[in-house]
Amino acid sequence: MFQTPISTFLNQHFDQHNLSGSLKETLFAVINACVAISSKVRLGALSGVLGEAGSGNIQGEAQKKLDVIANDILINALRQTPTVAGIASEEEDNFVETCEQGEYLVLFDPLDGSSNIDVNISVGTIFSILKKPHSGSLKVDDFLQNGRNQVAAGYVLYGVQTQLVFTAKHGVFGFTLNNHGEFILTKDMFRLPETTAEFAINMSNQRHWETPMQTYIAELLAGIDGVRGKNYNMRWVASMVAEVHRILTRGGVFMYPFDKRDLTKPGKLRLMYEANPMSLLIEEAGGLSSNAKQNILDIQPTGLHQRVAVILGAKEEVERVNLMHA
Ligand code: AHM
Ligand code: MG
């Protein structure tokens, strides 16, 4: 007979972990907006959300209709949430000040993995929550806090199932959306194995990487015949949110390293909207995250849309990448 694995609702979970007051209100506003995004994603062509928006974002990337829709849903929801002082989005040029009395700043990638939307492969929303550092009106510097300052972070994966994975530094928990629009606890604490035999990287960029990354990947590809003495498998979804979910679920290492095509960009992924929240989840689950030289959570941000190289997942692999770059 079918049984729900752990029939704890999100609200109960918050109570059990003493997550209350304005942090709870803020997280619920983000999560409810994601439920609305999920219903659009699920209907795809039936809700007219597929295809190009015909516009570009601050990152110089073409926006999909769903990028714009997800961004609007989140911004509208958070504007009406009095605990939220300000928001910053991967799709917006500047931050938005929403409520001067609010306590929290919410940063997000409204729809990560956009290139997958039209082909029905998993996409997701990634979010990061910081405390507003002072009362009074907001400046961009208020958002430029290092990743360790995050009070909560997570993502909602719009995949085969819609799943919420988040941490308020109380461990990493997973919830699955049921048919009534409720998130039910289905994973009580993700724990990441320290070793792995599975890696994720876009191999088509190989010729552009620096030598240490070339050497590291060559070692993995050599498998049992090389210095690592075991065979590795490779996966690449091109959706960081799906990649991180796989790693939290069954281990692995994910990399989007620096490459030499554009020396002004230290990587493809964004520190504030992607790397920081994912790094907090990975560390909370027992993994590690770095830009090959420094722990991502220790990087002092210099800009809202700053890019960064990302290596995250199983400790042994991230440490090996760091060692090769040392
Ligand atoms: P996006 O936020 O515009 O979707 O870009 C980020 C995505 C990540 O989800 C993914 O890891 C990467 O870009 C995929 O890049 P590539 O096109 O090189 O496969
Ligand atoms: Mg993204």
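Use the structure listed above.
Since the structure is predicted, the reported quantities are computational estimates derived from the model, not experimental observations.

(A) Geometry of the coordination of the magnesium ion (ligand 2). Taken together, Asp 109 (OD), Asp 112 (OD) and Glu 274 (OE) make up the protein donors of the magnesium ion (ligand 2), found 1.8 to 2.1 Å from the metal. The sequence motif formed by the donor residues of the magnesium ion (ligand 2) is D-x2-D-x161-E. Taken as a pair, Asp 112 in strand β5 (residues 104–112) and Glu 274 in helix α6 (residues 271–284) lie far apart in primary sequence, 162 residues in all. For Asp 112, a relative accessible area of 5% puts it in the buried group. Note on Glu 274: relative accessible area 1%, which makes it buried.

(B) Geometry of the sheet that holds strand β11 (residues 198–200). Read across the sheet, five strands follow the order β12-β11-β13-β17-β15 without closing on themselves; strand pairing throughout is mixed. Each edge of the open sheet carries a strand with a single partner, namely β12 (233–234) and β15 (288–290). Packing against the sheet, helix α5 (residues 240–250) makes contact with β11, β13 (253–256) and β17 (310–313), and its axis sits at approximately 30 degrees to β17.

(C) Looking closely at the nonpolar core. One finds Leu 27, Leu 164, Phe 166 and Phe 183 to be the most contacted residues of the largest nonpolar core, which totals 41 residues. If you tally residues by element for this core, the top one is helix α2 (residues 21–43), at nine residues. Formed by 39 residues, the second largest nonpolar core is a distinct cluster that contains Leu 138, Tyr 155, Phe 190 and Val 310.

About the cut-offs
- Residues numbered from 1 in each chain as written.
- Chains lettered and ligands numbered in written order.
- Predicted model: local features only at pLDDT ≥ 70, side-chain atom pairs only at ≥ 80, totals over all residues.
- Heavy atoms only, no water.
- Donors = N, O, S within 2.8 Å, 3.2 Å for Na, K, Ca; no water.
- Helix = DSSP H or I, 4+ residues; strand = E, 2+ residues; numbered from the N terminus.
- Buried < 20%, exposed > 50% of the residue type's maximum accessible area, 1.4 Å probe, protein only.
- Pairing = 2+ DSSP bridges.
- Contact = heavy atoms within 4.5 Å.
- Axes fitted to C-alpha atoms, helices over the stretch in contact; angles between N-to-C directions.
- Core = buried A, V, L, I, M, F, W, Y, C linked by side-chain atoms within 4.5 Å.

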